Structure formats: C-alpha cells, structure tokens
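This is what each chain is made of:
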Amino acid sequence: SQTIHQWPATLVQPVGSPLSLECTVEGTSNPNLYWYRQAAGRGLQLLFYSIGIGQISSEVPQNLSASRPQDRQFILSSKKLLLSDSGFYLCAWSPGLDEKLFFGSGTQLSVL
Amino acid sequence: DQQVKQNSPSLSVQEGRISILNCDYTNSMFDYFLWYKKYPAEGPTFLISISSIKDKNEDGRFTVFLNKSAKHLSLHIVPSQPGDSAVYFCAAKGGGGSNYKLTFGKGTLLTVNP
C-alpha cells in the first residue's frame, strides 16, 4: 500500500531563517506531488505541484520554492522566511490523473 | 477570486440528526467534486466524491448531492455521530486549467453534540 511521509510535524523558525520541509511517498511510482498551505482562517491553497522529476509548477508568487530531486521526494524551501509564511503545510500525492489526493500529516510552521 | 465557497464556517448538530454541509462554486467547467474531512493537526482524508455527470452519490452515512444548474453541492451525514466532528472541505477539479489540481473551499467546522 502507498504511504506518504512528511516531516517535521511542527517547526518554529525566526524571521529570515531558511526552511526545508521534506515529503516522500512509498509504494507507488511517478506520483503527482503537491504542496498545499492552510493559513489561519483560510482554506487549502495550492502552492506547487509536480508531475515528474524536475517538473515544478508554481501556483502563486511567493517566498517559497519547491524541488523534486527524486521520483518520490518533494521538498519545500525558502531562503529567508517571512512572518506571513506561517501556516500548516501539507504535502499530497495522486496517482497520475486520478482525482483523489492523499495528504500527509502536515507541518505546523510558526515564523516568529 | 474564490471559485469554491463554503459560506458557513461552522455548523452544530445533535447526535443522531442530519448534518448538511453546503458548497457553491463559480466555475462551470469543474467536472469532479470531492469532500475531505480534517481533524486538528492532521492531513485531510478523502470522504466522498461525485462526477459532474451525476447528481447523487451515496456511501454509507454520507451522501453528496450535486445541482449543476445552481452550481451547488451538499454533503449529508445521517445519522451524525460525535466522531464526525471535524472540518469538512469541499474541493473541485477541472475548471479549464490543469487537470492535476484541486481547488478547495475554506472549510466548515462541524460539531456533533452527544
């Protein structure tokens, strides 16, 4: 069966510090991968998605970047965090064009 | 511009009664709709979905209704149980853009009181 791992679960970072969140998927190959963010009082906003190694699509201009160095690994990064980057970050995957997304357990990021 | 709207941020119902969660969308090109359930500090989990060619889909206690002319869908939970207390997100796929992404509403917090 397929599983998705996302870490860390919580993270407190000072403004201006770098960020690296990692997500891996097991039990499948060539998944579509996604990063979503849930900010306080808001819905789930799609940040990035990837349909293959090295293929990243950005949905909104922001202070973040994403990379997919391996088929089942998706990384969310920032060189300098802003206060507005605080939120609950969710990695997700889908098998090809299947409609359903399967989410990881999320990372609660607090930028202070 | 919010294409998927859940206008009720919260809903409270008694155990055993029906819970009805509503969702409206603006993009007529959406062709697939999903409901996700989310507990605090956890990722959302898939609950039920419906294709735009149908108007109803049922799975146990959960039924989703789609009214394409009104661009409206609803999730019915009967009977409601305390374990159903969670945030429910409506999501839509398609919309003329990428087929790879889902557009989510802001969610509705359902509280089922014993």
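Residues numbered from 1 in each chain as written. Chains lettered and ligands numbered in written order. Predicted model: local features only at pLDDT ≥ 70, side-chain atom pairs only at ≥ 80, totals over all residues. Heavy atoms only, no water.

(A) Region of interest: the overall build of chain B. If you tally the helices and strands in chain B, you get zero helices and 11 strands. Listing every helix and strand of chain B by position from the N terminus yields β-β-β-β-β-β-β-β-β-β-β. Over its C-alpha atoms chain B spans a radius of gyration of 14 Å, differing by no more than 12% from the 13 Å that the globule rule assigns to 114 residues. Along the first, second and third principal axes, the C-alpha atoms of chain B reach 45 × 30 × 20 Å. A burial count over chain B gives 45% of its 114 residues as buried. Long-range contacts, defined as pairs at least 24 residues apart, comprise 54% of the intrachain contacts of chain B with a sequence gap of at least 6. If you sum the accessible surface of chain B, you get close to 5400 Å²; carbon and sulfur atoms cover 48% of it. Charge-centre separation for chain B: the mean point of 12 positive side chains lies 5 Å from the mean point of 9 negative side chains. (Helix = DSSP H or I, 4+ residues; strand = E, 2+ residues; numbered from the N terminus. Rg over C-alpha atoms; globule rule 2.2 N^0.38 Å. Buried < 20%, exposed > 50% of the residue type's maximum accessible area, 1.4 Å probe, protein only. Contact = heavy atoms within 4.5 Å. Areas by Shrake-Rupley, 256 points an atom, 1.4 Å probe, with all protein chains shown as cover. Lys, Arg positive; Asp, Glu negative; His and termini not counted. Charge placed at Lys NZ, Arg CZ, Asp CG, Glu CD.)

(B) Quick peek at the sheet that holds strand β8 (residues 73-78) of chain A. Residues and elements named next belong to chain A. Spatially, the four strands line up as an open sheet ordered β1-β3-β8-β7, and their pairing is antiparallel. On the outer flanks of this sheet lie β1 (3-7) and β7 (65-70), each paired with one strand and no other. Each strand of the sheet is rotated relative to its neighbour by a mean of 20 degrees, with strand direction disregarded. As paired strands, β1 and strand β3 (residues 19-26) are joined by five bridges and run antiparallel to one another. Each residue of the ladder has a partner; that of histidine 5, found in β3, is threonine 24. (Pairing = 2+ DSSP bridges. Axes fitted to C-alpha atoms, helices over the stretch in contact; angles between N-to-C directions.)

(C) Region of interest: unusual backbone geometry. With an omega of 0 degrees, the peptide bond running from tryptophan 7 of chain A to proline 8 of chain A counts as cis. Within the secondary structure, proline 8 of chain A is located in the loop between β1 and β2 (10-13). For alanine 41 of chain B, which is not glycine, the phi dihedral falls at a positive 60 degrees. Structurally, the position occupied by alanine 41 of chain B is in the loop between β4 (30-38) and β5 (45-51). We note that lysine 71 of chain B has phi near 50 degrees; this positive angle belongs to a residue other than glycine. With respect to the element layout, lysine 71 of chain B can be found in the loop between β7 (62-67) and β8 (72-77).

(D) The arrangement of the sheet that holds β7 of chain B in detail. Residues and elements named next belong to chain B. Taken together, the five strands give an open sheet; going across it, the order is β1-β3-β8-β7-β6, and neighbouring strands pair in antiparallel fashion. Two strands bound the open sheet, and with one partner strand each, they are β1 (4-5) and β6 (56-59). As paired strands, β7 and β8 are joined by six bridges and run antiparallel to one another. Directly across from valine 64, in β8, lies its bridge partner leucine 75.

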